[in-house]
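So you can see what is in the structure, the chains are spelled out below.
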Amino acid sequence: MKKLMLVCLTTLLGACQTLHPGAKTSLDGEVFYLQRIALPPSATLSVSLQDVSLADAPAVVLDEQKGPVKGQVPLPFHLSYDPAQIKPGHRYSVSARIEVNGELMFITTENHAVQLDGNDPQPLKIRVDAVR
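Residues numbered from 1 in each chain as written. Predicted model: local features only at pLDDT ≥ 70, side-chain atom pairs only at ≥ 80, totals over all residues. Heavy atoms only, no water.

Where an unreviewed UniProt entry is consulted, the protein chain appears under the name Lipoprotein, with the organism given as Pseudomonas frederiksbergensis.

Quick look at the structure:
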């Protein structure tokens, strides 16, 4: 009887741990660059999580963080997404850009692919390169 009760409770607790529809999962990371220069106070950071599966169509943005830069590199970011919207076989990527007074100063130049399966390393390290 005790074993049956234990099995029932274990099953019930396991069911409670599943994600609810619409529950958000997150990616945390840092944006950095290699140049040894400080960002001016007017700098802004944009980081986005995108579905980049279709080569001939614009990327679909799942989440984006935009705002003034607080401090210097590495610059932290936090992106949220709904795991129910992740489609098998699709490719996802994180990109970042730093602007100063509306002019692009740094941008990602490499693909920063993420799997969104819970196994992505966190914090993500996203390098941006200077725009010349």
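1. Describing the overall build of the protein chain
Secondary structure summary: the protein chain contains 1 helix and 9 strands in total. Counting from the amino terminus, the protein chain carries its helices and strands in the arrangement α-β-β-β-β-β-β-β-β-β. Burial statistics for the protein chain: of 132 residues in total, 27% are counted as buried. Long-range contacts, defined here as pairs at least 24 residues apart, represent 65% of the contacts in the protein chain between residues at least 6 apart. (Helix = DSSP H or I, 4+ residues; strand = E, 2+ residues; numbered from the N terminus. Buried < 20%, exposed > 50% of the residue type's maximum accessible area, 1.4 Å probe, protein only. Contact = heavy atoms within 4.5 Å.)

2. Quick look at the confidence of the model for the protein chain
Residues at a pLDDT of 70 or more form 83% of the protein chain, whose mean pLDDT is 87. Scored below 50 in pLDDT, residues 3-19 shows 2 contacts in the model against residues more than four places distant or in partner chains. (pLDDT = per-residue confidence, 0-100.)

3. Considerations on unusual backbone geometry
Following valine 73, the chain continues to proline 74 via a peptide bond in cis, the omega torsion being 0°. Look at the link from glutamine 122 to proline 123: it is a cis peptide, with omega at 5°. Summarising the element assignment, proline 123 is placed in the loop between β7 (113-114) and β8 (124-127). We note that asparagine 101 has phi near 50°; this positive angle belongs to a residue other than glycine. Here asparagine 101 falls in the exposed class, since its relative accessible area comes to 62%. Of note, the phi angle at leucine 116 is positive, near 60°, even though the residue is not glycine. With respect to the helices and strands, the residue leucine 116 is situated in the loop between β7 and β8. Note on leucine 116: relative accessible area 9%, which makes it buried.

4. Remarks on the pattern of salt bridges
Scanning all chains against the criterion turns up 4 salt bridges. With its nearest N and O atoms 3.4 Å apart, the salt bridge here joins arginine 127 to glutamate 110. One end of the pair, arginine 127, is in strand β8; the other, glutamate 110, is in the loop between β6 (103-107) and β7, with 17 residues separating them in the sequence. Judged by its relative accessible area of 46%, glutamate 110 is partly exposed. (Salt bridge = Lys/Arg side-chain N within 4 Å of Asp/Glu carboxyl O.)

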